[in-house]
Amino acid sequence: MSDTVHLEPLTALDFEPFGDVLEATGTPDKMINQGLCGRFHDLALMDFTQGRAGISLFSAEPRQLPLKLEMVERHPEGSQAFIPMALNPFVVVVAQDIAGHPKNIRAFLTAPGQGVNYHKGTWHGVLTPLHAPGLFAVVDRIGPGSNLEEYRFDHPLTIDKPK
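Presented here is an overview of the structure given in this document. The model shown is predicted, which means the values in this text are computed figures rather than measured ones. (Residues numbered from 1 in each chain as written. Predicted model: local features only at pLDDT ≥ 70, side-chain atom pairs only at ≥ 80, totals over all residues. Heavy atoms only, no water.)

Some points on the overall build of the protein
In plain terms, the rule: The secondary structure listing takes helices from DSSP runs of H or I that are at least 4 residues long and strands from runs of E that are at least 2 residues long, numbered from the N terminus. The size measure is the radius of gyration over C-alpha atoms, and the globule rule it meets is 2.2 Å times the number of residues to the 0.38 power. Burial here depends on accessible area, computed with a 1.4 Å probe over protein chains only, as a share of the maximum for the residue type. Under 20% is buried, over 50% is exposed, and the range in between is partly exposed. By definition, residues are in contact when any of their heavy atoms lie within 4.5 Å. Each accessible area is a Shrake-Rupley result for a 1.4 Å probe, and residues are judged covered by the shown protein chains and nothing else. His is not counted here, nor are the chain ends, while Lys and Arg score as positive and Asp and Glu score as negative. Lysine's charge is taken at NZ, arginine's at CZ, aspartate's at CG and glutamate's at CD.
Secondary structure assignment for the protein yields one helix and 14 strands. Taking 2.2 N^0.38 as the reference for a compact globule, 163 residues should give roughly 15 Å; the C-alpha atoms of the protein span a radius of gyration of 16 Å, in line with that estimate. Taking the principal axes of its C-alpha atoms as reference, the protein extends roughly 55 × 40 × 30 Å. Residues counted as buried form 37% of the 163 residues belonging to the protein. Contacts in the protein between residues at least 24 apart in sequence constitute 81% of all its contacts with a sequence separation of at least 6. Roughly 9200 Å² of accessible area belongs to the protein as shown, and the carbon and sulfur atoms make up 52% of that amount. If you average the places of the 13 positive and of the 19 negative side-chain charges in the protein, the two averages end up 2 Å apart.

If you want it as structure tokens, here you go:
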């Protein structure tokens, strides 16, 4: 594993193994509200074990590149969607699960207005806005038991701008 992971643009195709990209692009699926509102319908699979969907607001401090990545986390009992409440890009870090450990780290930079939904059990970095306000609506599992696993790297990785 390289010590530096370079950011790449977030696309639905590249992110597909890890989750869903939430964005309002192209033609809406349906026009509603007297034809004044385009609905982009059912953009993510929300998947929960023994719980329900809850909506929370997260307020995260902005960070700067390069970032030091010391740990990732995952939620084995439910998917988790992050929807920015400002049109600012943020950093999304994900990893494949290989024998219970995060491997093949990838880092994406969202376009303004994009959000993500991590599939249940996907290793991912913490919420990392690059600009204030770092305010996000988060849809995730509310329910009994622990839904958080953390993995700390022996040596931190650096997340940096594209090559």
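A short note on the pattern of salt bridges
Formally: Any carboxyl oxygen of Asp or Glu within 4 Å of a side-chain nitrogen of Lys or Arg constitutes a salt bridge here.
Counted according to the given criterion, the structure contains five salt bridges. For the salt bridge of Arg-74 with Asp-97, the shortest nitrogen-to-oxygen distance reads 2.9 Å. Of this pair, Arg-74 sits in strand β6 (residues 67-74) while Asp-97 sits in strand β8 (residues 90-98), and the two are 23 residues apart along the sequence. Look at the salt bridges and you will find they share partners, linking Arg-74, Asp-97 and Glu-149 into a network.

Some details on the layout of surface pockets
Rules: Both site types are read off a 1 Å grid over the protein atoms alone. A 1.4 Å probe that fits but cannot get out defines a cavity, while an open set with protein on both sides within 12 Å along at least five of seven lines defines a pocket; lining residues have an atom within 4 Å of a point. Grid points are joined across faces, edges and corners, and a volume is the space filled by probe spheres set on the points. Ten residues, namely Ala, Val, Leu, Ile, Met, Phe, Trp, Tyr, Cys and Pro, are considered nonpolar, four, namely Asp, Glu, Lys and Arg, are considered charged, and the remaining ones, Gly among them, are considered polar.
The volume enclosed by the largest pocket comes to roughly 170 Å³. In terms of lining residues, the largest pocket is bounded by Arg-63, Leu-67, Lys-68, Leu-69, Glu-70, Met-71, Val-91, Val-93, Gly-125, Val-126, Thr-128 and Ile-159. When residues of the lining of the largest pocket are assigned to their parent elements, the largest contribution, five residues, is made by β6. When grouped by side-chain class, the residues that make up the lining of the largest pocket number seven nonpolar, two polar and three charged.

Things to note about unusual backbone geometry
Cis peptide bonds are those with omega within 30 degrees of zero, and the linkage from Leu-65 to Pro-66 qualifies with -5 degrees. Looking at the secondary structure, you find Pro-66 in the loop between β5 (52-59) and β6. Even without a glycine there, the phi angle at Asn-104 is positive, about 55 degrees. Here Asn-104 lies in strand β9 (residues 101-109). Look at Asn-104 and you get partly exposed, because its relative accessible area is 46%.

Here we look at the sheet that holds strand β13 (residues 135-142)
Where we set the bar: One bridge is not enough; two strands pair if DSSP finds at least two bridges between them. Axis geometry follows a simple rule: fit a line to the C-alpha atoms, using only the stretch in contact for helices, then measure angles between N-to-C directions, giving values from 0 to 180 degrees.
Reading across the sheet, the five strands line up as β2-β10-β7-β13-β5 and stay open at both edges, with antiparallel pairing between neighbours. Edge positions in the sheet fall to β2 (19-22) and β5, since each has one partner strand and no second. The mean angle between the axes of side-by-side strands here comes to 15 degrees, regardless of whether they run parallel or antiparallel. In the sheet, strand β7 (residues 80-84) pairs with strand β10 (residues 115-118) via three bridges, with the strands oriented antiparallel. In the sheet register, Phe-82 faces β10, and the bridge partner there is Val-116.

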